[in-house]
Amino acid sequence: MLPAANRLTRSQDFGLVVRRGRRAGRPRLVVHVLTSAQPTLDPSKVGFVVSKAVGNSVVRHRVSRKLRHVVRDRLDALPPGTSLVVRALAPSADADSAELGRDLDAALHKVLR
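Residues numbered from 1 in each chain as written. Predicted model: local features only at pLDDT ≥ 70, side-chain atom pairs only at ≥ 80, totals over all residues. Heavy atoms only, no water.

Caption draft 1: Geometry of the nonpolar core. One finds V31, V63, L67, L84, V86, L104 and L108 to be the most contacted residues of the largest nonpolar core, which totals 24 residues. Elements with a minimum of two residues in this core: β2 (29-34), β3 (45-50), α2 (57-72), β4 (83-88) and α3 (97-112). Filtering out sequence-adjacent residues up to four positions away, V63 remains in contact with V50, V54, A88, S92 and A93. (Core = buried A, V, L, I, M, F, W, Y, C linked by side-chain atoms within 4.5 Å. Buried < 20%, exposed > 50% of the residue type's maximum accessible area, 1.4 Å probe, protein only. Helix = DSSP H or I, 4+ residues; strand = E, 2+ residues; numbered from the N terminus. Contact = heavy atoms within 4.5 Å.)

Caption draft 2: Quick peek at the layout of surface pockets. Empty space within the largest pocket amounts to approximately 240 Å³. In terms of lining residues, the largest pocket is bounded by 15 residues, among which L34, S36, G81, T82 and S83 are the most central. The element contributing the most residues to the lining of the largest pocket is helix α1 (residues 11-20), with three residues. Residues belonging to the lining of the largest pocket are distributed by class as follows: six nonpolar, six polar and three charged. (1 Å grid on protein atoms, 1.4 Å probe; cavity = no way out; pocket = protein on both sides within 12 Å on 5 of 7 lines; lining within 4 Å. Points joined across faces, edges and corners; volume = space filled by probe spheres on them. Nonpolar A, V, L, I, M, F, W, Y, C, P; charged D, E, K, R; others polar.)

Caption draft 3: Spotlight on the packing of α2 against α3. Running from N to C, α2 and α3 point in directions that differ by 55 degrees, and their axes come no closer than 10 Å. The pairing of α2 with α3 is recorded here as oblique in orientation. Crossing angle aside, the handedness with which α2 passes α3 is right-handed. Between α2, through K66, L67, V70 and V71, and α3, the contact on the second element is made entirely by S97, L100, G101 and L104. (Axes fitted to C-alpha atoms, helices over the stretch in contact; angles between N-to-C directions. Parallel < 35°, antiparallel > 145°, perpendicular 65-115°, else oblique. Left-handed = near helix turned anticlockwise from the far one by under 90°.)

Caption draft 4: Geometry of the pattern of salt bridges. For the structure shown, the criterion picks out four salt bridges. Among the ionic pairs, R10 bridges to D13, the shortest N-O distance being 4.0 Å. Overall, D13 belongs to the partly exposed group, its relative accessible area being 23%. Notably, a salt bridge pairs D103 with R28, separated by 2.9 Å at the nearest N-O pair. Of this pair, D103 sits in helix α3 while R28 sits in the loop between β1 (22-25) and β2; the two residues are 75 residues apart in sequence, bridging distant segments of the chain. Each member of the salt-bridge network shares a partner with another, and the members are R28, E99 and D103. (Salt bridge = Lys/Arg side-chain N within 4 Å of Asp/Glu carboxyl O.)

Next comes the structure, spelled out in structure tokens:
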């Protein structure tokens, strides 16, 4: 579970990150990152989008749990004040946590350099 301070919850925040943030795609997921323009001490915030294209409710929730677990371990690597939206694609339904972690690391490396 992600701490409440690290969750994106408002629809407007998701839309802002997706529209204005940098994007990097991988085979199983797409990452949208919006960094703060000015130095801040605000915690990084993360949100997930897992649509019906991924699978039925059971599959979508399994993918969401795996993504939360993978992202939680990488929160400290994000710059303070960063907003991150992780959008799962259909192939993520068959992926294990290690594969999702590799895709997330590659996408974050591309976006944050």
